[in-house]
Amino acid sequence: MQPLPAPWLGQPQPPQPQSAPGPGLGALAATLALAAVIVLYAAADREPQPAEPERRRRSAREPVVVGRADPSTAREIERLIDKYMEMLRISGPRPIVRLRDNLGRRWLGRAWRKIGAPGTTAAATTTIELQRAIIGHQRTLERVVAHEMIHHRDFLSMDDLDKARLRLGIRQEGHGEQFLQGAAMVNAQMGPGFVTIKSDQEDVLATNTRLFFVLIQPAMRDRLGWTWAARLSPTASQWAARKIAQGARLVSTTDERWAAGPRIGHGRVAIPEDAENVERLKALYDTGTPVALPTASLPAAQAAM
Ligand SMILES: [Zn+2]
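This structure is a prediction, so every number in the text was calculated from the model and none was measured.

The rules we used
- Residues numbered from 1 in each chain as written.
- Predicted model: local features only at pLDDT ≥ 70, side-chain atom pairs only at ≥ 80, totals over all residues.
- Helix = DSSP H or I, 4+ residues; strand = E, 2+ residues; numbered from the N terminus.
- Buried ≥ 20, exposed ≤ 12 C-beta atoms within 10 Å, placed from the backbone.
- Contact = placed C-beta atoms within 7 Å.
- Pairing = 2+ DSSP bridges.
- Axes fitted to C-alpha atoms, helices over the stretch in contact; angles between N-to-C directions.
- Parallel < 35°, antiparallel > 145°, perpendicular 65-115°, else oblique.
- Left-handed = near helix turned anticlockwise from the far one by under 90°.
- Nonpolar A, V, L, I, M, F, W, Y, C, P; charged D, E, K, R; others polar.
- Core = buried A, V, L, I, M, F, W, Y, C linked by C-beta atoms within 7 Å.
- Expected span 1.5 Å × (residues − 1).
- pLDDT = per-residue confidence, 0-100.
- Arc of directions from axis to C-beta.

Here we come to the overall build of the protein chain. When you go through the protein chain residue by residue, the secondary structure sums to 8 helices and 10 strands. Each of the 305 residues in the protein chain was classed as buried or not, and the buried ones make up 32%. Within the protein chain, contacts between residues at least 6 apart in sequence are counted, and of these 79% link residues at least 24 apart.

Next up on the list: the sheet that holds strand β8 (residues 224-229). Reading across the sheet, the 4 strands line up as β8-β7-β9-β10 and stay open at both edges, with antiparallel pairing between neighbours. Looking at the sheet topology across the chains shown, the edges are occupied by β8 and β10 (289-290). For strand β9 (residues 249-253) and β10, the ladder comprises 2 bridges, and the chain directions are antiparallel. Its bridge partner being in β10, V251 is matched across the sheet by P290.

Peptide bonds are trans in most cases, and residues, glycine excluded, mostly fall at negative phi. Here the phi dihedral of R89 falls at roughly 50°; this positive angle occurs in a residue that is not glycine. By the element assignment, R89 lies in the loop between α2 (71-87) and β3 (96-100).

A few words now on the packing of α2 against helix α3 (residues 138-156). Running from amino to carboxyl end, α2 crosses α3 at an angle of 45°, the nearest separation of the two axes being 10 Å. Considering the angle they form, α2 stands oblique to α3. Of the two possible hands of crossing, α2 and α3 adopt the one that is right-handed. Taking contact as the criterion, the partners of L80, I81 and Y84 in α2 are, on α3, E142, V145, A146 and M149. Looking at the contact of α2 with α3 residue by residue, the classes come out as 6 nonpolar, no polar and 1 charged.

On to the nonpolar core, then. By size, the foremost hydrophobic cluster in this structure holds 28 residues, and its most contacted members are I81, V97 and V145. When residues of this core are traced back to their parent elements, those giving at least two are α2, β3, β6 (127-131), α3 and α5 (177-190). With residues near it in sequence (within four places) discarded, V145 still touches L80, I81 and Y84. If you look at the next biggest cluster of nonpolar residues, it comprises 22 residues, including L103, L232, W258 and L281.

In the sheet, strand β7 (residues 212-218) pairs with β9 via 5 bridges, with the strands oriented antiparallel. Bridging from a neighbouring strand, L215 pairs with L250 of β9.

Among the structural elements, R167 can be located in helix α4 (residues 160-167). Its 18 C-beta neighbours within 10 Å are what place R167 among the partly exposed residues. For the pair R167 and G116, spaced 51 residues apart in sequence, the C-alpha to C-alpha distance is 8.3 Å.

Okay, the environment of K198 next. If you trace the backbone, K198 turns up in the loop between α5 and β7. The exposure class assigned to K198 is partly exposed, which follows from the 15 C-beta atoms found within 10 Å. With 23 residues separating them along the chain, K198 and H175 place their C-alpha atoms 9.5 Å apart.

Now for helix α6 (residues 234-245). Relative to the 16 Å expected for 12 residues at 1.5 Å per residue, α6 spans 17 Å between its end C-alpha atoms, a close match to the ideal helical length. Within the span of α6, buried status applies to A236, S237, W239, A240, A241 and K243. The elements touched by buried residues of α6 are β7, β8 and β9. Just past α6, the residue G247 takes up positive phi, approximately 110°.

On average, residues of the protein chain score 76 in pLDDT, and 70% of them are at 70 or above. When pLDDT is averaged over each element of the protein chain, α2 comes out on top at 95 and strand β1 (residues 41-42) at the bottom at 32. Taken as a whole, residues 1-55 scores under 50 in pLDDT and shows 102 contacts with residues more than four places along the chain or in a different chain. Under a pLDDT of 50 for its full length, residues 300-305 has, in the predicted model, 3 contacts with residues more than four places off or in other chains.

Bringing α2 into the picture now. Structural remark: α-helix, 3.6 residues per turn; residues separated by three or four positions point the same way. A rise of 1.5 Å per residue sets the reference length of α2, with its 17 residues, at 24 Å; its end C-alpha atoms lie 24 Å apart and thus fit the reference within 8%. The complete set of buried residues in α2 reads I77, I81, Y84 and M85. All buried residues of α2 lie within an arc of 110° about the axis, which places them on one face of the element. Exposed residues pointing more than 90 degrees away from the buried face of α2 are listed as P71, S72, R79, D82 and E86.

Here it is, written out as structure tokens:
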């Protein structure tokens, strides 16, 4: 767990999983995974604050899911939130839920609550983020929601002393005694092991089915290296076209091991460390489904032909 920044230093956003390091950087990835378990952060508010004592409270029946979600998904999440509000006997506001869609993620769900600078009030409720990849996997979805709802309960029960400590960078153990007591309440009804300390992590997930791009290029010491992108911007396409002219290949895949490390067009390249991935990347280079770049991204002389 990393200590929280002091509120006056500010912290723009919770860490973005898109910038997760390549599979070669195992230790760093593990640290990130741990840090993503709960992201509670204190933020220096540079904007003028609403008058004390409270920011606008969310009304009890306001939709839980904010942002883009189809109605049946929103209804299902709402149902689960209500179920765990009751099961965990939470009497405060319901959380906000946002759906996220991150390739190369290490987490399936996470929860955080913004604690303002001293003298301001905390955000009215918790934000829970869920990966879209778990929608449709009923048991996984429910396990993740149940896990995050325990964090929600624990955030709501923070007293002024807890908040003051948090602003000083002293954070409570996110999966300590209080969390385990919540997990026991859930597991008594849902079965042993339904909620665990890691039940919101990647290891309970089905495999990715979405195609993304991998640019594989000769790198140092006869090794191949890769960069990846979910979408190709015009700049990334032009970059890929230049690399292809130098021997790189652009392929599409659903294999998430390549959806980590630097993005196409950012200058750096990831190189697999272990022999198995060296072979896998070579196979992808030799036999992967090639992707044709749009004509506009080819060098001018070729595009004119
Ligand atoms: Zn957690």
